[in-house]
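Here is how the chains run, residue by residue.
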Amino acid sequence: MNKSFSAGCNRSLSLAAVFITASISAFMSGPAISAPDAAQQPEQEVEVLHWWTAKGEIKAAEVLQGSLEQQHIGWKNFAIAGGGGESAMTVLKSRAVSGNPPSAAQLKGYDLQEWGMLGFLTNLDAVANTQGWDQLLPPVISQIMKYQGHYVAVPVNIHRVNWLWINPELLEKAGATVPDSLESFFAAAEKLKQANIVPVALGSDPWQEVTLFESVALAVLGPQGYRRAFVDLDPDMLSGEPMVDVFRQFERMRQYIDVKTKALEWSDASAMLVEGKAAMQFMGDWAKGEFSALGKAPGQEILCVPAPGTQGFFTYNIDSFAFFKHSDDLSIQAQETMAQTILTPAFQREFNLAKGSIPVRTDVDLTGFDTCSLASSTAFQLNQQNKTLVPSISQGLASTSYVQAAIFDVVTDFFHSKQADPEKAANQLARAVKSAR
Ligand code: BGC
């Protein structure tokens, strides 16, 4: 497979890709950067690249900004719209290659390994030792934050991805019940369709289609099978009968989705639930921030249930920040303060309340968190004990960007094909993953 021209996903970071991307993005207009008022310019400043631009996400980013400003560290906002972070990564590559990286960037999962390998990231071991990150963080998380045994990123939150969000009024109107299995999901979707209600809202990005696919895969394969396929990349599991069934169920979903030909953000799809234009959405719990911002209480007015067939399981997405090497002392101090602040209990609480996720520290008081977060916390702990946590494919937590791109290509081609063939797709998946490894 030609990695540079992979259509589905553009996170691949080989040096060649970085340079190609850099020259392409020289033609793009720059990001919106809001500089602080010059009169009150603090001495220290961090320029922070992130893709938290939806209504709820902005509130969460403001918590981080506020915590830094309280410590007299200025915030230079480097926000690049686009859920999943694909556009943000493109812009980051061009800044890094031109020798002008921001102080901090929202980087996560396998991207950390790839940026670490390129030598761009600051070693955070000193802060980590002082604050005791090895003791504070669940091992599944600390391991993602390290490159060759050294911390190169600080985790902000734990997002659960395998959620189904439901507008209960629409379900009731159609005489449907809240689904807890794939079959009951299809039964509910059929009733909604009969009642002329769009059963599932789905945005137009490849990562959103893969978000749906990975929940179907978890339901059909269970955590062990999911791991064997998407983490161990076992060719038999990728091409075998259970995977054919994953594609079959995924295909069945299509008739209940109003597949968009024009661009639709994940947050627009969330808004469709709030506005009564669609009944359900498969999306990570960052969607909660959006529901709240639009005036609907998550867990009450918009219900959260595990994606059908994944009750008790947990697909994780961990947001984290990495810091780029800068030489002046003030920048380095500001970066260290930001890293340290992110792991304080007070920040963890306030930020995660706004973001819809749960804290990475297990000692944070969860009073005031909604029922979706409480359920997420219980499920995370249970799956951690049982060693059944699974990483999100769509969020770059399961595999390298090359393998992720290969999966995106096969899944999205299948989803948009008029003659989708589940058996063929499973074979293609195994082949594409093999050549991308
Ligand atoms: C990030 C979330 C974010 C979501 C939608 C994901 O990639 O991990 O923090 O809310 O994209 O923008």
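As shown above, the structure is provided for reference.
Residues numbered from 1 in each chain as written. Predicted model: local features only at pLDDT ≥ 70, side-chain atom pairs only at ≥ 80, totals over all residues. Heavy atoms only, no water.

Student: Please set out the sheet that holds strand 12 (residues 303-306) residue by residue, giving values where relevant.
Tutor: Overall, mixed pairing links the four strands, which are arranged 10-11-9-12 in an open sheet. Each edge of the sheet is formed by a strand with only one pairing partner; in this case those strands are strand 10 (198-200) and strand 12. Neighbour to neighbour, the strand axes of the sheet diverge by 20° on average, direction disregarded. Taken together, the three bridges between strand 9 (residues 163-166) and strand 11 (residues 278-282) define a ladder with antiparallel strand orientation. What sits directly across from Leu164, in strand 11, is Phe282. (Pairing = 2+ DSSP bridges. Helix = DSSP H or I, 4+ residues; strand = E, 2+ residues; numbered from the N terminus. Axes fitted to C-alpha atoms, helices over the stretch in contact; angles between N-to-C directions.)

Student: Pulling in residues and values, what's your account of the pattern of salt bridges?
Tutor: Tallied over the full model, the rule gives 11 salt bridges. The salt bridge involving Asp245 is made with Arg248; its shortest N-O contact spans 3.5 Å. Of this pair, Asp245 and Arg248 both sit in helix 12 (residues 241-254), three residues apart, roughly one helical turn. Of the residues examined, Asp245 reaches a relative accessible area of 24% and is grouped as partly exposed. Assessed through its relative accessible area of 33%, Arg248 is described here as partly exposed. Arg254 is the partner of Glu251 in a salt bridge, and the nearest nitrogen-oxygen pair spans 3.5 Å. Of this pair, Glu251 and Arg254 both sit in helix 12, three residues apart, roughly one helical turn. For Glu251, a relative accessible area of 27% puts it in the partly exposed group. (Salt bridge = Lys/Arg side-chain N within 4 Å of Asp/Glu carboxyl O. Buried < 20%, exposed > 50% of the residue type's maximum accessible area, 1.4 Å probe, protein only.)

Student: So what about the sheet that holds strand 15 (residues 390-391)? Which residues, and what values?
Tutor: Read from one edge to the other, the open sheet built from three strands follows the order 8-13-15, with strand pairing classed as mixed. The strands lining the two open edges of the sheet, one partner per strand, are strand 8 (159-160) and strand 15. Summarising the sheet, strand 8 and strand 13 (residues 315-317) pair through two bridges and their orientation is antiparallel. Paired with Arg160 across the two strands is Tyr316, which belongs to strand 13.

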